[in-house]
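The lines below spell out each chain.
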Amino acid sequence: MFCVAPPELETKMNITKGGLVLFSANSNSSCMELSKKIAERLGVEMGKVQVYQEPNRETRVQIQESVRGKDVFIIQTISKDVNTTIMELLIMVYACKTSCAKSIIGVIPYFPYSKQCKMRKRGSIVSKLLASMMCKAGLTHLITMDLHQKEIQGFFNIPVDNLRASPFLLQYIQEEIPDYRNAVIVAKSPASAKRAQSFAERLRLGIAVIHGEAQDAESDLVDGRHSPPMVRSVAAIHPSLEIPMLIPKEKPPITVVGDVGGRIAIIVDDIIDDVDSFLAAAETLKERGAYKIFVMATHGLLSSDAPRLIEESAIDEVVVTNTIPHEIQKLQCPKIKTVDISMILSEAIRRIHNGESMSYLFRNIGLDD
Amino acid sequence: MSNIKIFSGSSHQDLSQKIADRLGLELGKVVTKKFSNQETCVEIGESVRGEDVYIVQSGCGEINDNLMELLIMINACKIASASRVTAVIPCFPYARQDKKDKSRAPISAKLVANMLSVAGADHIITMDLHASQIQGFFDIPVDNLYAEPAVLKWIRENISEWRNCTIVSPDAGGAKRVTSIADRLNVDFALIHKERKKANEVDRMVLVGDVKDRVAILVDDMADTCGTICHAADKLLSAGATRVYAILTHGIFSGPAISRINNACFEAVVVTNTIPQEDKMKHCSKIQVIDISMILAEAIRRTHNGESVSYLFSHVPL
């Protein structure tokens, strides 16, 4: 068993150390399920707040109880309308700051814009921009889960607790996949090989890595290094520049490094959004002899047509956590299963409020996780 | 080129000189010394008022002394009215401390980024950051140059059977880097990962991919004590590789690294000169160096002239 609820979770929240207020910054009611579960586990009531859109689409926040001198925890799950969700959070944080809250802790299970965390061509590092805006608005601490890149913690000037969903997903594998010892952990692109290794190590399984045609959205082909300026002759740029002797193939053929024949393939990743690359990976694994295909991811964005595509695909099951609400997608596709992570978020809140160590929540977590 | 000055810190004078030579400039006059209490003192020996200043200092050797020296040089130029100060840091110090990998761990790379900004740096030029997200630790422009084009050039020119090679990552974290090189060479890749079959069993290295009867080229961004790459080399040889090379951008080679390389089965360990290697080459004949001064020099030239730098991401200046 990888994740056992500590005994203190069963007891009510110790609120002797000053007040605690729990808010949900979502105007969208479907996004409030996780907040309710967390509040229930902590044995506290959700704080009274109104978050709504004005007729001109501006966001309005009205906090309807005192937060002076209190630890305010603002839970924000990201809806499809991501920019509105961000503004709701920032406005609520700022409202709490100007209302003299002692500390304002953002609980953002899925950190939006986290894929835009490095320079691409002349783009912006949007997750850094978002981090700066949150700090400026008045956030004093952030609790999140499975950041797309752990280095995003360094974009903040405040403490960041990057919790991990892997113990819950590992537990699911062990309890719900009967023949999991005959599985191989698969990275659908080289970028997620580290995560695959982390899972494989703890389950004591082998790994495989897929590489080739189905380039994921983060492929470095969109980086500046593959886009020299459009100039007729190289000499026109600078006489001393040399063209590489071998132009790379546009699309290397899809390859699987590692053996999946006669095995269950478990594809692991942090985000499942646009599912094309997962479907291509599943097809490839089937061709290579995998007899069952599972996809495990922390954040199930499952955008646009994803549920229908999964339902029609070679994938047997998609397992995601409830960092993002996806009840509608589950109705469209019974293959989507949910693992509840409210337990770890509520325990993180309890520990931070009581000034206890967070290390306990990171046991069984490897360096590569 | 007018209105440009290049200064060298004491960490890598040789690289600074090569950069200046390629640009047809002389290194600026600067005196760096230590007081008896070991404090660093810097005196800029010529006017920098209104100049575009480039300070070359790598994160190696006495790393904290070199970092403080760089910060003091940046600040000295800034308060002497330089119009812009660019720190050229071929090997970024503390780059591996880029995330909280355990409770209460500091993100030291972010601290260094803040220190450089506070000192007065307006721009950073560096090479093969351990994680490119480190660019986001800064609020100033960062050009993260790649050694990859120079590495590809070296492979094609120095390994006769490069068409029959496999590019290998010594750990899962480097898989993305090796696939980029493998694609450009149109060859296969493999990776090595640690596996525990039983709870009380020691980690064993498992090769994922095929190297039998092929030249194996281990690629990573840096090698420090060289334990991982030496184990990986043994693994590759026992898996049937005909020869094993290691190619690394930053050859730190601390502690037992040199003796490990000497005892390992490498044909060659190839590093760039982001860190000085002369001393190490005297003690280890397997170490070979790829000169990247022309990439840094061209980046400086383009930055100074307001030209695009992205061309350098896929091309090597002659």
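What counts and what doesn't
- Residues numbered from 1 in each chain as written.
- Chains lettered and ligands numbered in written order.
- Predicted model: local features only at pLDDT ≥ 70, side-chain atom pairs only at ≥ 80, totals over all residues.
- Heavy atoms only, no water.
- Helix = DSSP H or I, 4+ residues; strand = E, 2+ residues; numbered from the N terminus.
- Buried < 20%, exposed > 50% of the residue type's maximum accessible area, 1.4 Å probe, protein only.
- Contact = heavy atoms within 4.5 Å.
- Areas by Shrake-Rupley, 256 points an atom, 1.4 Å probe, with all protein chains shown as cover.
- Phe/Tyr/Trp six-rings, centres within 6.5 Å; stacked < 30°, edge-to-face > 60°.
- Lys NZ or Arg CZ within 6 Å of the ring centre and 35° of its normal.
- Expected span 1.5 Å × (residues − 1).
- Pairing = 2+ DSSP bridges.
- Axes fitted to C-alpha atoms, helices over the stretch in contact; angles between N-to-C directions.
- Parallel < 35°, antiparallel > 145°, perpendicular 65-115°, else oblique.
- Left-handed = near helix turned anticlockwise from the far one by under 90°.
- Nonpolar A, V, L, I, M, F, W, Y, C, P; charged D, E, K, R; others polar.
- Salt bridge = Lys/Arg side-chain N within 4 Å of Asp/Glu carboxyl O.

Q: Please explain the overall build of chain B as it appears in this structure.
A: Along its length, chain B carries nine helices and 15 strands. Residues classed as buried in chain B amount to 60% of the 318 residues present. Intrachain contacts of chain B at a sequence separation of at least 6 include 62% that bridge at least 24 residues. Of the roughly 12,200 Å² of accessible surface on chain B, 48% is carried by carbon and sulfur atoms.

Q: I tried to follow the overall build of chain A on my own but got confused; where do I start?
A: Counting its secondary structure elements, chain A contains nine helices and 15 strands. Buried positions account for 57% of the 369 residues belonging to chain A. In chain A, the proportion of contacts linking residues at least 24 apart, taken out of those at least 6 apart, comes to 70%. Total accessible area computed for chain A in this model is approximately 15,400 Å², and 52% of it derives from carbon and sulfur atoms.

Q: How do you make sense of the packing of aromatic side chains when you look at a structure like this?
A: The geometry of an aromatic ring pair is captured by two quantities: the separation of the ring centres and the angle between the planes. In total, this model carries five aromatic pairs over all chains according to the counting rule given. On the numbers, 5.9 Å between centres and 75 degrees between planes, the contact of phenylalanine 92 of chain B with phenylalanine 138 of chain B is edge-to-face. Here phenylalanine 92 of chain B is found in the loop between strand S5 (84-89) and helix H3 (108-119), whereas its partner phenylalanine 138 of chain B is found in the loop between strand S6 (123-127) and strand S7 (142-145), with 46 residues between them in sequence. According to the relative accessible area criterion, phenylalanine 92 of chain B is buried, its value standing at 5%. Relative accessible area serves as the criterion here: at 5%, phenylalanine 138 of chain B is assigned to the buried category. With centroids separated by 5.2 Å and ring planes inclined at 70 degrees, the aromatic side chains of tyrosine 146 of chain B and phenylalanine 313 of chain B adopt a geometry described as edge-to-face. Of this pair, tyrosine 146 of chain B sits in the loop between S7 and helix H4 (148-158) while phenylalanine 313 of chain B sits in the loop between helix H9 (293-305) and strand S15 (316-317), and the two are 167 residues apart along the sequence. Both residues of the pair, tyrosine 146 of chain B and phenylalanine 313 of chain B, count as buried. The ring of phenylalanine 199 of chain A carries arginine 202 of chain A above its face, with NZ or CZ at 6.0 Å from the centroid. Between arginine 156 of chain B and the ring centre of tryptophan 162 of chain B, over which it is positioned, the NZ or CZ distance is 5.9 Å.

Q: What is the right way to read helix H3 (residues 126-137) of chain A from this model?
A: What sets the pattern is the α-helix's 3.6 residues per turn: residues three or four places apart point alike. Residues and elements named next belong to chain A. In this model H3 runs 16 Å from its N-terminal to its C-terminal C-alpha over 12 residues, within 8% of the 16 Å that 1.5 Å per residue would give. Taken together, the buried positions of H3 are occupied by Val126, Ser127, Lys128, Leu130, Ala131, Met134, Cys135 and Ala137. Considering only its buried residues, H3 is in contact with helix H2 (82-97) and strand S5 (103-108). Glycine 138 sits one or two residues past H3 and shows a positive phi near 130 degrees.

Q: What exactly am I supposed to notice about the sheet that holds strand S8 (residues 183-187) of chain A here?
A: Pairing between the strands of a sheet comes from backbone hydrogen bonds, and it takes one of two forms, parallel or antiparallel. Residue and element names in this part refer to chain A. The mixed open sheet is built from seven strands, whose spatial order is S11-S9-S8-S12-S13-S14-S15. Of all the strands in the sheet, the pair left with one neighbour each is strand S11 (255-257) and strand S15 (336-339). Across the sheet, the mean angle separating the axes of adjacent strands is 25 degrees when strand polarity is ignored. The pairing of S8 with strand S12 (residues 264-272) spans four bridges and is parallel. Among the inter-strand pairings, valine 186 is bridged to a residue of S12, identified as isoleucine 267. The strands touched by helix H4 (residues 166-176) are S12, strand S13 (292-300), strand S14 (317-321) and S15; relative to S13, the strand with the most contacts, the crossing angle is about 155 degrees.

Q: In this structure, what is going on with the packing of H4 of chain B against helix H5 (residues 175-185) of chain B? I would like to understand it.
A: Each pair of packed helices can be summarised by the angle the axes make with each other and by the distance between the axes. Residues and elements named next belong to chain B. H5 packs onto H4 with a crossing angle of 50 degrees between their chain directions and a minimal axis gap of 11 Å. As the angle between them shows, H4 and H5 are arranged oblique. When the axes of H4 and H5 are compared, the crossing they make is right-handed. Residues Glu148, Val151, Leu152, Ile155 and Arg156 of H4 lie in contact with H5, whose contacting residues are Ser180, Ile181, Arg184 and Leu185. By residue class, the composition of the contact of H4 with H5 is five nonpolar, one polar and three charged.

Q: I keep staring at the pattern of salt bridges and nothing clicks. Help me out?
A: Any two side chains of opposite charge can pair, on the condition that their charged atoms come close. Scanning the entire structure with this criterion turns up 31 salt bridges over all chains. A salt bridge links glutamate 347 of chain A to arginine 351 of chain A; the shortest N-O distance between them is 2.8 Å. One end of the pair, glutamate 347 of chain A, and the other, arginine 351 of chain A, are both in helix H9 (residues 342-353), four residues apart, so they sit about a helical turn from each other. The same class applies to glutamate 347 of chain A and to arginine 351 of chain A, which are both buried. With a shortest N-O distance of 3.5 Å, aspartate 14 of chain B and lysine 18 of chain B are connected by a salt bridge. Taken together, the positions of aspartate 14 of chain B and lysine 18 of chain B, both in helix H1 (residues 13-23) and four residues apart, correspond to about one turn of that helix.

Structural measurements only, silent on function.
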